[in-house]
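Overview (structure and organization)
Residue-level listing of the chains:
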Amino acid sequence: MRETLARNLRKYRRAQRLSQEELGHRAELDRTYISSIERCVYSATVDVVGRLAEALGIPALELLRPASETAEAKASSATSAASASTKAPPKKAAKPARKSEAPAQRRAIRKKPGP
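What you see is a predicted model; the values in this text were computed from it and never measured. (Residues numbered from 1 in each chain as written. Predicted model: local features only at pLDDT ≥ 70, side-chain atom pairs only at ≥ 80, totals over all residues. Heavy atoms only, no water.)

1. Quick word on the side chain of N8
Its location among the elements puts N8 in helix α1 (residues 2-15). For N8, the side chain forms a polar contact with the main-chain oxygen of L63, separated by 3.2 Å. In this structure the side chain of N8 is engaged in a polar contact, spanning 2.7 Å, whose partner is the backbone oxygen of R65. Aside from chain neighbours lying at most four places away, what touches N8 is E62, L63, L64 and R65. (Helix = DSSP H or I, 4+ residues; strand = E, 2+ residues; numbered from the N terminus. Polar contact = N/O pair within 3.5 Å; in protein donor to acceptor, adjacent residues only side chain to side chain. Contact = heavy atoms within 4.5 Å.)

2. Quick notes on helix α3 (residues 31-38)
Within α3, the full set of buried residues consists of I34, S35, S36, I37 and E38. Tucked into the core, α3 has its buried residues touching α1, α2 (20-27) and α4 (46-56). Of the residues one or two after α3, C40 is the one with positive phi, at around 65 degrees. (Buried < 20%, exposed > 50% of the residue type's maximum accessible area, 1.4 Å probe, protein only.)

3. Observations regarding the nonpolar core
Counting residues in hydrophobic clusters, the biggest one holds 17 residues, and the most contacted among them are L9, L23, I37, L52, L56, I58 and L63. Setting aside anything within four residues of it in sequence, one finds L23 in contact with L9, R13, L18, I34, L52, A55 and L56. (Core = buried A, V, L, I, M, F, W, Y, C linked by side-chain atoms within 4.5 Å.)

4. Side note on the environment of R65
Within the fold, R65 resides in the loop between α5 (60-64) and α6 (71-86). By relative accessible area, which is 40% here, R65 ends up partly exposed. Spatially, the C-alpha atoms of R65 and M1 are 8.9 Å apart, while their sequence positions differ by 64 residues. Ignoring any residue separated from it by four or fewer positions in sequence, one finds R65 in contact with T4 and N8. Here the side chain of R65 touches E62 through a polar contact of 3.0 Å, side chain to side chain.

5. Section: α1
Between its first and last C-alpha, α1 extends 20 Å over 14 residues, near the 20 Å set by a 1.5 Å rise per residue. Regarding α1, the residues found buried are T4, L5, A6, N8, L9, Y12 and R13. Those residues of α1 that are buried lie in contact with α2, α3, α4 and α5. Phi turns positive, to about 55 degrees, at R17, one or two residues after α1. (Expected span 1.5 Å × (residues − 1).)

Put into structure tokens, the structure is as follows:
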């Protein structure tokens with residue numbers, strides 16, 4: 001429930017382009033407390049949820065509503081995950097071939113003649 005509140009609070013606050021400080025001012029709460037709620041550090045009381053909802057202009061229930069995910073979406077994501085796990089990993093690119101010179105030839109090229 002704490003994670004649901006955190007996710008919804010952040011979503012509605014950002015949708016209205018409010019900073020944590022501005023929302024705190026409107027709800028008469030400290031900015032750090034709002035930050036802590038959004039990070040799931042603190043649990044909010046029913047009174048605080050009501051004050052936040054009022055400051056956002058939404059029903060308090062919206063802050064506590066779980067993300068709506070249909071059974072079809074769950075089934076399709078589970079199918080996608082299962083098929084992704086059975087696929088072979090992509091092959092790595094082959095290293096570029098070295099010149100076909102013999103090692104002695106390479107050494108001879110690298111050595112500079114002395115004076």
